[in-house]
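Reading the structure
One-letter residues, chain by chain:
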Amino acid sequence: MPARLFIILLVGLFLFTACRNSSKKNSNFVFPDADSVPVSEAEKLSDEAIDDIARNMSSPVEIANLLQRMKVPFSAGLLATSIDASRLSTSFDKSLKLGILGADLGYLNMYEKTGSSVDVLSSIKKLADGVNVGQFFDFETLKRLSRSRSDLDSLLLISQDSYNKIDKYLRDKGRGQLSALMITGVWIEGQYLATQMIKQHPDTLLRNRVGEQKIILNDLLMLLAPYCNVNQQFSSLCQDMQDLKLKYRDIKITFTVGDPVTVEKDGALVVKQTEESRVEMTDEQLALIIVTTNNIRNKLISNN
Amino acid sequence: MKKYLIITALMLFVPMLMSGQSSDPLIQKCALNSGPNSTFLKDFRVQLGKGNSQPELRVRQVFPLSKNMTYKFTLCNADNSQGKLIMKLKDSDGSLQATSYVSGKAYPEINFTCKKTGTYNLYFDFIDFLPGSGVGIVSLVK
C-alpha cells in the first residue's frame, strides 16, 4: 500500500513539474519570444515605441562606475535612507521608491558596500511585494551574496536582472504606469547622485553626463505623458519633471561626424567611435539643474 | 510509509526552491563569463526560427549608450542552437557602428568605446538566418 501511494505521488509530482516548467524545458524554439520583437512589428506598434523608450534609460551602475573612475569616494549620506517601505500605501509611491532604492542598490554594490545593501534589499523586497512583483526579486540569494561579499559579479547580475524582469513584467501585464514610475525613480536618483557629487568634484566627465541627460529626460517625459492626468500624484510628478526640462532647454548638444575604427584584439573586436557628442552648458544652467533635481528628489523621498 | 513521504517531499520542494534562485542558465553563464572587469547591464535573449534572406537582421532592441563609456557585447549560443548568433550596432540615424560578423567570421565579443551619447539599435540574428537560440549580453567595462 505505501509503495502504491508513493508511485501515485511520484506520477503526480512528475505531471506537476512537467506542466509547470513546460515552456522553459522545451528544447524547440519559441517564436516570437516575448523579449525579442521582430523588426516589422517593432516599427508599427506604438506599444513597442513605449518599450523602446523604457529600455532607453541608463542603468544606475553607469553613474556609479563614472564616480569610481573619477575616484570619488562613496558617500552614504546621499542614500535615500528616509524611505520607510512599510509606511507606503499607494502603488504610485511603492513603484517610484522601488526605482529610487534600485539606484541606491546599484551605487552600494558598485562600491562594494554590500553589507549596507542588506537593509536596502529588505525595503526593496517589501516594495516589490507591495506591487505584486516580489516573485522576480530573488531576495534570499541577494541577501546571501551581500552578506558573504564573495561574489560581487553574481550580486550585480542578479540585482540588475531582477529589475529588468520586473520592468518587463509590468509592461507586459499592462501596468505600464508602474514601470514608468520605477524607471523615473531610478533616473531621478541617478541624476541626484551625479548632481550632488558634481558640487564637490566638478569633473568634465560628470558635467557632460549631467548635460546629456537632456536627451534622456525628453524620453522620460514621453514615457510619463500618458499617465500625467491619472491622478494628483502623477500630475505633480509630471509638473516637476517639466520644470526640470525647462532648466535643460537652452543646453546645446552638438555632434561631429566620423566613421568608427575597428581592430581585432585577442579574438575580440575593438571598436572606437570617432563621431562625437558635445555638451554646451554654462555654470548657471548647471546650478539650476542641481537645485531643481535636489528639490524633486527630496520631495519624492519625503512624501512617505 | 514515512520514508516514502520524506523522499516525495524532498523531490517536491528541492526543485521548487532551486527554480526560484536562478534565471535562464544561458544568461547566467554568458554574463558571468563576460570577464572580470565588466559589470552586467542587460541581456537580450534571442530565439528564432528559420528565416528568409533579408537585408536586415530580424530582432531589434534599443539600448542607451553614453559617451566615454566602454561597453562589451558578448554573444553566446545555446548548446542546441543550430545557428550562430551575430549582432549589429547602429546609431539612431541608422549608421552602422559595429558588427560582430566581419568577412565571414563571427566574433563572440565586441568592445565598443562610445563617444556619442544616444539611443542605439541592436540587431540580432543567426548566421544565414538559421534557427537558433542565444543571448546577447551588454556589460560595462570597468
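The following paragraphs examine the structure supplied in this document. (Residues numbered from 1 in each chain as written. Chains lettered and ligands numbered in written order. Predicted model: local features only at pLDDT ≥ 70, side-chain atom pairs only at ≥ 80, totals over all residues. Heavy atoms only, no water.)

1. Regarding the overall build of chain A
Along its length, chain A carries 13 helices and 4 strands. Expressed as a percentage of its 304 residues, the buried residues of chain A come to 51%. Residue pairs in contact within chain A that sit at least 24 positions apart in sequence constitute 72% of those at least 6 positions apart. (Helix = DSSP H or I, 4+ residues; strand = E, 2+ residues; numbered from the N terminus. Buried < 20%, exposed > 50% of the residue type's maximum accessible area, 1.4 Å probe, protein only. Contact = heavy atoms within 4.5 Å.)

2. Some words on the overall build of chain B
For chain B, the count of helices and strands is 2 helices and 10 strands. Expressed as a percentage of the 142 residues in chain B, the buried residues total 57%. Carbon and sulfur atoms make up 57% of the accessible area of chain B, which totals about 6000 Å². (Areas by Shrake-Rupley, 256 points an atom, 1.4 Å probe, with all protein chains shown as cover.)

3. Quick look at the sheet that holds strand β2 (residues 59–65) of chain B
For sheets, the rule is that strands pair by backbone hydrogen bonds, running either parallel or antiparallel. Residue and element names in this part refer to chain B. Judged by pairing direction, the sheet is antiparallel, and its 4 strands sit side by side in the order β2-β9-β4-β5 without closing on themselves. Where the open sheet ends on each side, the last strands, each with one partner, are β2 and β5 (96–99). Here the average twist between neighbouring strands, direction ignored, is 25°. As defined by bridge partners, β2 adjoins strand β9 (residues 118–126) across 7 bridges and the pair is classed as antiparallel. Counterpart to Val59 in the pairing with β9 is Phe124. (Pairing = 2+ DSSP bridges. Axes fitted to C-alpha atoms, helices over the stretch in contact; angles between N-to-C directions.)

4. Remarks on the pairing of strand β4 (residues 85–90) of chain B
All names here are of chain B. With respect to burial, β4 is a largely interior element, 5 of its 6 residues being buried. Inspection of the sheet shows β4 paired to β9 by 6 bridges, in the antiparallel sense. Each bridged residue has a counterpart across the sheet, and for Ile86 the counterpart in β9 is Asp125. Bridge count for β4 against β5 is 3 bridges, and the pairing is antiparallel.

5. Things to note about the pattern of salt bridges
Counted under the stated rule, the structure contains 21 salt bridges over all chains. A salt bridge links A:Arg297 to A:Glu189; the nearest nitrogen and oxygen atoms lie 2.8 Å apart. Of this pair, A:Arg297 sits in helix α13 (residues 283–302) while A:Glu189 sits in helix α10 (residues 176–200), and the two are 108 residues apart along the sequence. For A:Arg297, a relative accessible area of 2% puts it in the buried group. When its relative accessible area of 0% is taken as the criterion, A:Glu189 is described as buried. For the salt bridge of B:Lys88 with B:Glu56, the shortest nitrogen-to-oxygen distance reads 3.7 Å. (Salt bridge = Lys/Arg side-chain N within 4 Å of Asp/Glu carboxyl O.)

6. Some words on helix α12 (residues 232–248) of chain A
Residue and element names in this part refer to chain A. Relative to the 24 Å expected for 17 residues at 1.5 Å per residue, α12 spans 25 Å between its end C-alpha atoms, a close match to the ideal helical length. All of the buried residues in α12 are Phe234, Leu237, Cys238, Asp240, Met241, Leu244 and Tyr248. Buried positions in α12, seen along its axis, are confined to an arc of 160° and lie on one side of it. The outward face of α12, more than 90 degrees from its buried face, is lined by the exposed residues Gln232, Gln239 and Leu246. Along its buried surface, α12 packs onto α6 (91–110), α10, α11 (204–224) and α13. (Expected span 1.5 Å × (residues − 1). Arc of directions from axis to C-beta.)

7. So, the state of the cysteines
Residue and element names in this part refer to chain B. A complete count under the given rule lists 2 disulfides over all chains for this structure. For Cys30, the disulfide goes to Cys76, at an S-S distance of 2.0 Å. Around the S-S axis, the bridge from Cys30 to Cys76 shows a dihedral of about 80° and counts as right-handed. Of this pair, Cys30 sits in helix α2 (residues 25–32) while Cys76 sits in strand β3 (residues 70–77), and the two are 46 residues apart along the sequence. Overall, Cys30 belongs to the buried group, its relative accessible area being 2%. (Disulfide = S-S within 2.5 Å.)

8. Digging into the side chain of A:Ser159
Structurally, the position occupied by A:Ser159 is in helix α9 (residues 152–172). Once residues within four sequence positions are removed from consideration, A:Ser159 is found in contact with A:Leu105, A:Asn109 and A:Leu142.

9. Thoughts on the packing of aromatic side chains
By the definition in use, this model includes 10 aromatic pairs over all chains. For the ring pair A:Phe137 and A:Tyr163, a centre distance of 6.1 Å and an interplane angle of 85° mean the geometry is edge-to-face. Taken together, the positions of A:Phe137 in the loop between α7 (114–130) and α8 (139–148) and A:Tyr163 in helix α9 put the pair 26 residues apart, joining distant regions of the chain. On the basis of relative accessibility, which here comes to 3%, the residue A:Phe137 falls in the buried class. Classification of A:Tyr163 as buried rests on a relative accessible area of 11%. Measuring from centroid to centroid gives 5.8 Å for B:Phe44 and B:Phe124, while their planes differ by 35°, and the two rings are tilted. Residue B:Phe44 is found in strand β1 (residues 38–48), and its partner B:Phe124 is found in strand β9; the two are separated by 80 residues along the sequence. (Phe/Tyr/Trp six-rings, centres within 6.5 Å; stacked < 30°, edge-to-face > 60°.)

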